[in-house]
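Listed below are the residues making up each chain.
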Protein chains: 2
Amino acid sequence: MSAQHVFDAAVALTPAGPDTWTGATHPAWNNMVGPFGGITAATALQGVMRHAARLGTPVALTVNYAAALAPGAFTLSTVPVRTNRSTQHWTMTLTQPGADGVPATVFTATAVTAARRATWGASDVPMPEVVPPHTLERVPIAGVEWVERYDMRPIEGAPPAAWDGRESEGSLSRLWVRDAEGRAPDFAALAAFSDVFFPRIWLRRARRVPAGTVSMTVYFHAGEAELARSAGWLLAQARGQAFHDGFADQTAQLWNEAGELLVTSHQIVYYKE
Amino acid sequence: MSAQHVFDAAVALTPAGPDTWTGATHPAWNNMVGPFGGITAATALQGVMRHAARLGTPVALTVNYAAALAPGAFTLSTVPVRTNRSTQHWTMTLTQPGADGVPATVFTATAVTAARRATWGASDVPMPEVVPPHTLERVPIAGVEWVERYDMRPIEGAPPAAWDGRESEGSLSRLWVRDAEGRAPDFAALAAFSDVFFPRIWLRRARRVPAGTVSMTVYFHAGEAELARSAGWLLAQARGQAFHDGFADQTAQLWNEAGELLVTSHQIVYYKE
């Protein structure tokens, strides 16, 4: 009997009624406060992927992180609110019992899935030319649990060697990344990969100020065929655009080794000081 | 008595119960099918802005366009699903009666508002150096109603002079834009300005293939102080990243004349062929 991969264990859901699932946090994905936001986003999408009424594959996913997930059980609702001929619109909510026992909203999310058709296509953001992953060092284990779930090979914009407050000029990071055990990505995994970047404000300021994702959006350009060609390394790139009065944004891209742009993603991050 | 500006008329809402408003489409904002998506996004945000329980100013807005708005009345719900110390999470839904009289979902949306605090700040996307608006021609009236609501001065990436199918290399557009009557922007107007770009696929292909926004996200970097400095022209920039199997994304930025980055925005657009 083969053991379940820790990603599949984390996004496992049990049907609990129409459009409703139960699940539980998994300690292998712990971040400093609550789980890694990427695994939370993956869980939101997984509820859509497993829904019997789902039409097509994901095109867009937005997760608004309203509170840190507490360790333990949660309830996830995934509702297909409108189904058109080739697109379908979803709303998702994750709740946990609050201090008063009443379910409290931990995140709200929306998704669009679609039956895709072959069309004219192009990429206006070609994969940057970078050195291959085997020539690079794996990012050192930093004592944060979820980081160990990935094999990350920074190319540029690695975490600062010293948190000495020496501001850098830019906020661009590029790295090769794959699941630490080589699990080939599905759509839920792509959602998680979209959040593997440490906060841009840390790179910019070389200071680990308190920071956390408030909202993340993932656009899926990959369909099933592109996924099937993406079992190896992914090239991940992120850059901040604005850092202002406590909130900073980030744009990100994920390519497979063949240079196909699988995902473009955006997030806005709360930060202090 | 001064007449109400056509933007304010379009986003006008009447309280209709807890977290509920009624409104109506306004023909001045008509697009080819249904209203301009920007005015729809502005309406979603306006329901949050007018809500008595609102905390702070907008940080993030996502609108998923599930169907074209039919001309006439609609119902908008704007629910503060979680209020933290300094952030607040919203879900919004707009419905119109379906063919069977039952309310049908036209869009779902989410927003985050926040009480912002002064912090360290920076922009990693400086405003490009461009010629001033008065040296440029206003975009010709194209027979699309909403386009006339704006004074748009293309700098580069203007609509192709001929729809002759000659593919271009890139999908970058830059333009100066302001309300045609000089209305100074509020947050709802910034949401609308985020959607003033014609589809990137049209620019790339010089063909007006059927296309429409499926989901748009707006990150607000401007607070009240920056808004107050943004009464003049806005520099608007958009670029596509991926065009694949019927869906294309777009990243966009809005700066005020002083070069402050007010908004970063993203959308994914359905297209045919």
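Residues numbered from 1 in each chain as written. Chains lettered and ligands numbered in written order. Predicted model: local features only at pLDDT ≥ 70, side-chain atom pairs only at ≥ 80, totals over all residues. Heavy atoms only, no water.

### A look at the environment of V79 of chain B
All names here are of chain B. Quick reminder of the rule: To qualify as a helix, a DSSP run of H or I must reach at least 4 residues; to qualify as a strand, a run of E must reach at least 2; elements of each kind are numbered from the N terminus. Residue exposure (1.4 Å probe, protein chains only): buried if accessible area is under 20% of the type maximum, exposed if over 50%, otherwise partly exposed. Residue contacts are counted whenever heavy atoms from the two residues lie within 4.5 Å of one another.
Structurally, the position occupied by V79 is in strand β4 (residues 73-83). By relative accessible area, which is 26% here, V79 ends up partly exposed. Taking C-alpha positions, V79 is 30 Å from D179, a pair spaced 100 residues apart along the chain. Once residues within four sequence positions are removed from consideration, V79 is found in contact with D19, H89, W90 and T91.

### Concerning the packing of aromatic side chains
Residue and element names in this part refer to chain A. What counts is decided by this rule: Geometry of aromatic contacts follows a simple scheme: Phe, Tyr and Trp rings, the Trp one being its six-membered ring, pair when their centres are within 6.5 Å, and the pair is stacked under 30 degrees between planes, edge-to-face over 60, tilted otherwise.
If you walk through the whole model with that rule in mind, you get 22 aromatic pairs over all chains. Between F36 and W146, the ring centres sit 4.0 Å apart and the planes meet at 10 degrees, which makes this aromatic pair stacked. Taken together, the residues span a long stretch of sequence, with F36 in the loop between β2 (20-24) and α2 (37-49) and W146 in the loop between β7 (122-123) and β8 (150-156) at a distance of 110 residues. In this structure F36 comes out as buried when scored by relative accessible area, which is 1%.

### Regarding helix α2 (residues 37-49) of chain B
This is how it is decided: Helix span, as expected, comes to 1.5 Å for every residue beyond the first.
Taking 1.5 Å of rise per residue, the 13 residues of α2 of chain B would be expected to cover 18 Å, and the 18 Å separating its terminal C-alpha atoms lies within 8% of that figure. Of all 13 residues in α2 of chain B, 13 are buried, a share of seventy percent or more.

### Some words on the relation of the copies chain B and chain A
The following threshold applies: Least squares is used to superpose the copies, and the fit set is the C-alpha atoms of residues whose pLDDT is at least 70 in both copies.
Relative to chain A, chain B is turned by 180 degrees and slid 0.0 Å along the rotation axis, the superposed coordinates differing by an RMSD of 0.0 Å. The two molecules are tied by a two-fold rotation axis, judged by turn and shift.

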